[in-house]
Amino acid sequence: MIKSTLKYSILCGIFLVGLFFISINFGSNPLLDFRHFIFDLGVFFLFTFFAGKEFKDFRNDGYLHFWQGISIGFIVLIPATIIFSLIFYVIFETNTELIDGYKEGARTFLLDRKEIFLKEFSQNQLDEQLAAVDNITTTQLLFSTFWKKIGAGFLITPVVSIILRKKPK
């Protein structure tokens, strides 16, 4: 199960990196844009589905138990997210324009929604948020992105497992 599923995991990790940089080239900041989370859900769904489908049809005589689907999902999810995170870290450490672009985008995001933010919170909290954006490091951004991708995968894995499961009679 692991060997056949790892190829989907590697492809998923590479696809996530490609999607990330395609989004940047189209002018969207994938670290700030919620639509990118939807794309992550779709990518994890596709790769987990095809990995589970291959295992079910070609290696397990047409049967897939829920626990096998969950295992396959985690085997796709975790290495793919690690691959994405490592490439993300190397690229952000070598190209400081990307972290500066994130900081600028985050500040703009907060300032554009200043009135909404101030209805719920105080000016001091807004100032603290802006200071936190200015002080963010690549490592902090990496962990934030890592956990968002893990969360997306955890949402999708049970869905794919339920869709593909088939119990023996």
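Residues numbered from 1 in each chain as written. Predicted model: local features only at pLDDT ≥ 70, side-chain atom pairs only at ≥ 80, totals over all residues. Heavy atoms only, no water.

Caption draft 1: Structural context of the overall build of the protein chain. Looking only at helices and strands, the protein chain features seven helices and zero strands. Put simply, the protein chain runs from its N terminus to its C terminus through helices and strands in the order α-α-α-α-α-α-α. Reported as C-alpha extents along the three principal axes, the dimensions of the protein chain are approximately 65 × 35 × 25 Å. Counting over 169 residues, the protein chain shows a buried share of 40%. Partitioning the intrachain contacts of the protein chain with sequence separation of at least 6 by distance along the chain shows that 81% fall at a separation of at least 24. Only carbon and sulfur atoms are counted for the fraction: they give 64% of the accessible area of the protein chain, which is about 10000 Å². Of the side chains in the protein chain, 17 bear a positive and 15 a negative charge, and the two mean positions are spaced by 16 Å. (Helix = DSSP H or I, 4+ residues; strand = E, 2+ residues; numbered from the N terminus. Buried < 20%, exposed > 50% of the residue type's maximum accessible area, 1.4 Å probe, protein only. Contact = heavy atoms within 4.5 Å. Areas by Shrake-Rupley, 256 points an atom, 1.4 Å probe, with all protein chains shown as cover. Lys, Arg positive; Asp, Glu negative; His and termini not counted. Charge placed at Lys NZ, Arg CZ, Asp CG, Glu CD.)

Caption draft 2: Local environment of the nonpolar core. Formed by 39 residues in total, the largest nonpolar core has its most connected members in C12, L31, F44, V76, F88, F92 and L141. Of all the elements, helix 7 (residues 138-164) adds the most residues to this core, at eight residues. When sequence neighbours within four positions are dropped, the list of residues in contact with F44 reads C12, L16, L77, A80, T81, K149, A152, G153 and I156. (Core = buried A, V, L, I, M, F, W, Y, C linked by side-chain atoms within 4.5 Å.)

Caption draft 3: Highlighting the environment of S23. Inspection of the secondary structure puts S23 in helix 1 (residues 2-25). Given the relative accessible area of 9%, S23 is considered buried. If sequence neighbours within four positions are ignored, S23 has contacts with S28, P30 and H36.

Caption draft 4: Structural detail: helix 6 (residues 123-134). With twelve residues, helix 6 extends 17 Å from end C-alpha to end C-alpha; this agrees with the ideal 16 Å at 1.5 Å per step. Listed in full, the buried residues belonging to helix 6 are L126, L130 and V133. Each buried residue of helix 6 sits inside an arc of 55° when the element is viewed along its axis, so together they form one side. Away from its buried face, by an angle of more than 90 degrees, helix 6 presents the exposed residues N124 and E128. On the buried face of helix 6, the contacting elements are helix 4 (96-112) and helix 5 (114-120). (Expected span 1.5 Å × (residues − 1). Arc of directions from axis to C-beta.)

Caption draft 5: A look at the packing of helix 2 (residues 35-59) against helix 3 (residues 66-94). Viewed as axis vectors pointing N to C, helix 2 and helix 3 meet at an angle of 130°, and their least axial separation amounts to 9 Å. Relative to helix 3, the element helix 2 lies oblique. Along this stretch, helix 2 crosses helix 3, giving a crossing that reads as right-handed. Seen from helix 2, the contacting residues are F44, F47, T48, A51, G52 and F55; seen from helix 3, they are Q68, I72, G73, V76, L77, A80 and T81. (Axes fitted to C-alpha atoms, helices over the stretch in contact; angles between N-to-C directions. Parallel < 35°, antiparallel > 145°, perpendicular 65-115°, else oblique. Left-handed = near helix turned anticlockwise from the far one by under 90°.)

Caption draft 6: Spatial organisation of a nonpolar patch on the surface. On the surface, F74, I78, I82, L86 and F154 cluster together into a nonpolar patch covering about 430 Å² of accessible area. It is helix 3 that contributes the most residues to the nonpolar patch, four residues altogether. Positionally, I78 belongs in helix 3. A relative accessible area of 35% places I78 in the partly exposed class. (Patch = residues over 30% accessible without salt bridge, like charges linked within 9 Å, V, L, I, M, F, W, Y side chains within 5 Å. Salt bridge = Lys/Arg side-chain N within 4 Å of Asp/Glu carboxyl O.)

Caption draft 7: Broad picture of the environment of T138. Within the secondary structure, T138 is located in helix 7. Once the C-alpha coordinates of T138 and E93 are considered, the two residues, 45 residues apart in sequence, prove to be 6.9 Å apart. A distance of 3.2 Å separates polar atoms of two side chains, one belonging to T138 and the other to E93. (Polar contact = N/O pair within 3.5 Å; in protein donor to acceptor, adjacent residues only side chain to side chain.)

Caption draft 8: A look at the layout of surface pockets. Counted as a void, the largest pocket has a volume near 230 Å³. Residue lining of the largest pocket: 15 residues in total, with P30, L31, L32, T145 and K148 positioned closest to the centre. The residue makeup of the lining of the largest pocket, split by class, is eight nonpolar, three polar and four charged. Of the pockets and cavities examined, the second largest pocket occupies roughly 160 Å³. Around the second largest pocket, the lining residues are I24, G27, S28, N29, L31, F92, E97, L98, G101 and Y102. A total of four residues in the lining of the second largest pocket trace back to one element, the largest contributor, which is helix 4. Tallied by class, residues from the lining of the second largest pocket come to five nonpolar, four polar and one charged. (1 Å grid on protein atoms, 1.4 Å probe; cavity = no way out; pocket = protein on both sides within 12 Å on 5 of 7 lines; lining within 4 Å. Points joined across faces, edges and corners; volume = space filled by probe spheres on them. Nonpolar A, V, L, I, M, F, W, Y, C, P; charged D, E, K, R; others polar.)

Just geometry here; none of it tells us what the structure is for.
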